[in-house]
Amino acid sequence: MRPFTAALAGIILATLALSVGIVSRLQPDRRWRDSLQSRLLFGVPWGTLIAIAVVLAVYLFVQDGLTDPAEPVTIPYRAWSYFSPVGMLTASFAHASPSHLISNLAGTAVVAPIAEFAWGHYPSDQARTRPDGTGRSLWRTPWIRAVVWFPLAVIAVGLVTSLFSLGPVIGFSGVVFAFMGFAIVHYPIRTLIAAIGFQGVALTVWRALQDPIFSYTATPSPPTAPSWAGIAIQGHALGFFIGLVLGMLLLARRDTRPNPLHVWVAVLLVAFSKGLWQIYWYGEGNTYYLLRGPGIVIITVLALVITLALTASDRPIIPARLDRWLARRRGTQTVSRTPHSSSSASDTESETDADARIERTLDLAGTDKSDRVRAVTTGNRRHSRRASALTRRGVAGMVVLLVLAILAGMAIPVNTSVIADDGGATGQSGIDIRGYTIEYDENATNELVSGIGIDAMIDDSSMAGSGVIVSSDRYNLWEEAVTKEYLNATGEDTITVGGPGWRETAHVERTGWTPVGNESVYQIWLWEDGEKTERQLAHESDSSRAEVILAERTVTVTTDGGEFGLRVESIGTGATASTGMPSENATTEAGGVTFERVGDTVFARVDGTEVAVAAVERYEY
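Rules used throughout
- In this convention, every chain numbers its residues from 1, walking through the sequence in written order.
- Where local features are concerned, this predicted model is filtered to residues with pLDDT of at least 70; where side-chain atom pairs are given and counted, the filter is 80 or more; whole-chain, interface and lining totals use all residues.
- Only heavy atoms go into the side-chain values, all of them from the structure, while hydrogens and water stay out.
- A carboxyl oxygen of Asp or Glu within 4 Å of a side-chain nitrogen of Lys or Arg is what we treat as a salt bridge.
- Helical segments are the DSSP runs of H or I of at least four residues, strand segments are the runs of E of at least two, and each set is numbered from the N terminus.
- Only protein chains enter the accessibility calculation, which uses a 1.4 Å probe. A residue is then buried if its area is under 20% of the maximum for its type, exposed if over 50%, and partly exposed in between.
- Between any two strands, pairing holds if DSSP finds at least two bridges.
- Convention adopted: a line fitted to C-alpha atoms gives each axis, helices being fitted over their contacting stretch, and angles between N-to-C directions are expressed from 0 to 180 degrees.
- For classification purposes, an angle smaller than 35 degrees is called roughly parallel, one larger than 145 roughly antiparallel, one from 65 to 115 roughly perpendicular, and anything else oblique.
- Only heavy atoms enter the contact rule, under which two residues are in contact if any of them lie within 4.5 Å.
- Here the expected span of a helix is defined as 1.5 Å times the quantity of residues minus one.
- Pairing of aromatic rings covers Phe, Tyr and Trp, the last through its six-membered ring, and needs centres within 6.5 Å; plane angles under 30 degrees mean stacked, over 60 mean edge-to-face, and all others mean tilted.
- In a left-handed crossing the near helix is turned counterclockwise from the far helix by less than a right angle, and in a right-handed crossing that turn is clockwise.
- Just so you know the grouping, Ala, Val, Leu, Ile, Met, Phe, Trp, Tyr, Cys and Pro go in nonpolar, Asp, Glu, Lys and Arg go in charged, and all remaining residues, Gly too, go in polar.

A.B. asks: Mind showing me how you'd approach the pattern of salt bridges here?
C.D. replies: For side chains of opposite charge, pairing can occur when their charged atoms come near one another. Under the defined criterion, the tally for this structure stands at eleven salt bridges. When the shortest N-O distance is used, the salt bridge between Arg393 and Asp314 registers 3.3 Å. Taken as a pair, Arg393 in helix H16 (residues 392–409) and Asp314 in the loop between helix H12 (292–311) and helix H13 (320–329) lie far apart in primary sequence, 79 residues in all. For Asp314, a relative accessible area of 27% translates into the label partly exposed.

Structure (structure tokens):
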């Protein structure tokens, strides 16, 4: 770090520390410290710190981030399928880049402590205050809950999100969303502030410490997918609902309920701010469809359902009178009087009055009290196959479980797919590196979706791969590592493959000539990093003719066997003649046309007329 940058970073930290110190003096109340220590061992979220350490260790040592922090090994550590165990075990804890890692760690640092606080290192005040420690089991011992059970729960949630996430996901974000879902059940407003406010503050401060004065120059960029098309929305939603269900179970065990307005506001704002509404699909070429309207409707409905599942009453979802009517239609005896009761009209009327009184009691007194009132006022009443067993909160809870099941179930067909074994790269089609096949294809079958029946529901032609394809039957993976459009714009790129304990780098390069007024003619070359490796010709495009006519002749740029050439064709006779592409400052001749290369441009000359016919393909990025 340069001295000036280091000085500015120090000023930033000192300013923040001074601000916090002054505010703490203005607010001398220390109850927050007692509150932390009442739930956390020494007031420290040890489980969160251990989870962060595990994620960092995976990035540095498993993904070999120590060798190149900016480009860790990612391909084998994605959740490709159930037949790729390494990817499934590591996907939730691996990351694609330093910015990806920092973003997820910032989210963990601000949300996971709230979840850990809600769970607590001390299961109860009684267990904490016993001086002799009697009655404590491994489950109730604070330090074990802090450094064993909570980290194990985090790892378990990470494995579940890997197993049931859609597509080759990578990253800790699914677990971060699980933290949010768990925390929002217990402390909705605090979680809202942490997820929306403090995470942004943490990321901004981190970027400022790295680059206090940021300089940006507006330049064209290669064509890339929109940011929302690279987000694992299903994985995020899956993690959120896993945390939500776990939080609901803990609330039920503790017999507590949150404030409904707080829950609804927190769930809605967190879901919107974190992009859970961004449902998208692929179109042809570089087209992506963002289902913004449907996504907003779905999130709004789910926020209401979640609120009902947490805070609705335990009253039957079907009114008592409708329930009795349905029971009579089924031929079920809903009400059984005692033997000495009569069936006079007055009894029927009194029963109706009693039922009305019960309904009023339900509205005013709650479920438990109303049950006692019903027992007293209606005598020995027996319910048989009553729909009233379905309560309002219970039905909403079942909807939440159904959503979780759908989110998890949709990934099973994809994760059970098997990548076809094509025998690896042969000849000049590509290269093979320790079980990885790297090749170039402009119409490759997307092995991630083929064979799972998706083509029976929608047109999957838009998901065909085009570019540098990395596949492996050994690791059961398939990836469009570099798109054709990106390579067209940059001209070159690198692909890193590897596994536990090793990494290798492959290079791809596009070279080409652009005839005047027409599409480029290009070659794709691949080679493995190293001094003794040879370049392999992976692809050659079709020929392309320049839109110029010289003395009734046309000129076409060609490529054959890795060599560019020029073909002259007579319009009248159809006779053709060919020659190689002239080297710099050299000339060549074919079909009565003289070609001369000046710099990166080839000129054609015939009968005293000279015109440019082709130029070296340029890459601006």
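Following the structure, the description resumes.
A.B. asks: I keep staring at the sheet that holds strand S5 (residues 465–472) and nothing clicks. Help me out?
C.D. replies: Strand pairs in the sheet, formed through backbone hydrogen bonds, run parallel or antiparallel to each other. Here four strands make up an open sheet; going across it, the order is S3-S4-S5-S6 and the pairing antiparallel. Either end of the sheet is taken by a strand with one partner, and the two such strands are strand S3 (430–433) and strand S6 (477–483). Across the sheet, the axes of successive neighbouring strands diverge by a mean angle of 30°, strand direction being ignored. Pairing between S3 and strand S4 (residues 436–444): four bridges, direction antiparallel. When the bridges of S4 are listed, Asp432 appears paired with Thr437.

A.B. asks: Explanation requested: the pairing of strand S11 (residues 544–550) in the structure shown.
C.D. replies: The side chains of a regular strand alternate between both faces of the sheet. The pairing of S11 with strand S12 (residues 553–560) spans four bridges and is antiparallel. Paired with Leu550 across the two strands is Arg553, which belongs to S12. Following S11, the chain reverses through two residues before pairing antiparallel with S12; Ala551 in that reversal takes a positive phi of roughly 50°.

A.B. asks: It is not clear to me how the packing of helix H2 (residues 31–39) against helix H5 (residues 98–119) should be interpreted in this structure. Could you clarify?
C.D. replies: To characterise two packed helices, one gives the angle between the axes of the helices and the distance between these axes. As a packed pair, H2 and H5 sit with axes 8 Å apart at the nearest point and diverge in direction by 65°. In terms of axis orientation, H2 runs roughly perpendicular to H5. Contacts between H2 and H5 involve Ser35, Leu36 and Arg39 from the first element and Phe117, Ala118 and Trp119 from the second.

A.B. asks: Help me understand the environment of Gly565, please; the structure alone is not making it clear to me.
C.D. replies: Examined against the element boundaries, Gly565 turns out to sit in strand S13 (residues 563–570). On the basis of relative accessible area, Gly565 is assigned to the buried category, the value being 6%. Once the C-alpha coordinates of Gly565 and Ser543 are considered, the two residues, 22 residues apart in sequence, prove to be 9.6 Å apart. With residues near it in sequence (within four places) discarded, Gly565 still touches Thr556, Val557, Thr558, Thr579, Gly580 and Met581.

A.B. asks: How do you make sense of helix H10 (residues 233–254) when you look at a structure like this?
C.D. replies: An α-helix turns once every 3.6 residues. As a result, residues three or four positions apart point the same way. Across its 22 residues, H10 extends 32 Å between first and last C-alpha, which sits within 8% of the 32 Å expected from 1.5 Å per residue. Trailing H10 by a residue or two, Asp255 shows a phi angle of about 55°, which is positive.

A.B. asks: When you look at the packing of aromatic side chains in this model, what are you seeing that I'm missing?
C.D. replies: Two aromatic rings are characterised by how far apart their centres lie and by the angle between their planes. Applying the stated criterion across every chain, the model contains eleven aromatic pairs. Taking the centre distance of 6.0 Å and the plane angle of 40° together, the rings of Phe93 and Phe172 count as tilted. Placement of the pair is Phe93 in the loop between helix H4 (85–90) and H5 and Phe172 in the loop between helix H7 (142–163) and helix H8 (173–186), with a sequence separation of 79 residues. In terms of burial, Phe93 and Phe172 fall into one category: buried. Aromatic side chains Trp139 and Trp149 sit 5.9 Å apart centroid to centroid with 45° between the ring planes, which places their arrangement in the tilted category. With Trp139 in the loop between helix H6 (125–129) and H7 and Trp149 in helix H7, this residue pair connects regions lying ten residues apart in the sequence. By way of ring pairs, the aromatic residues Phe93, Trp119, Trp139, Trp149, Phe150, Phe172 and Phe179 are connected into one cluster.

A.B. asks: Looking at this model, I keep getting lost on the packing of H8 against H10. Mind explaining?
C.D. replies: Between H8 and H10, whose axes approach to 6 Å, the crossing angle comes to 35°. When you trace H8 past H10, the crossing you get is right-handed. Here H8 contributes Ser173, Gly174, Phe177, Ala178, Met180, Gly181, Phe182, Ile184, Val185 and His186 to the contact with H10, which in turn contributes Gly235, His236, Gly239, Phe240, Gly243, Leu244, Leu246, Gly247, Met248, Leu250 and Leu251. Here the residues of the contact of H8 with H10 are counted per class, giving twelve nonpolar, nine polar and no charged.

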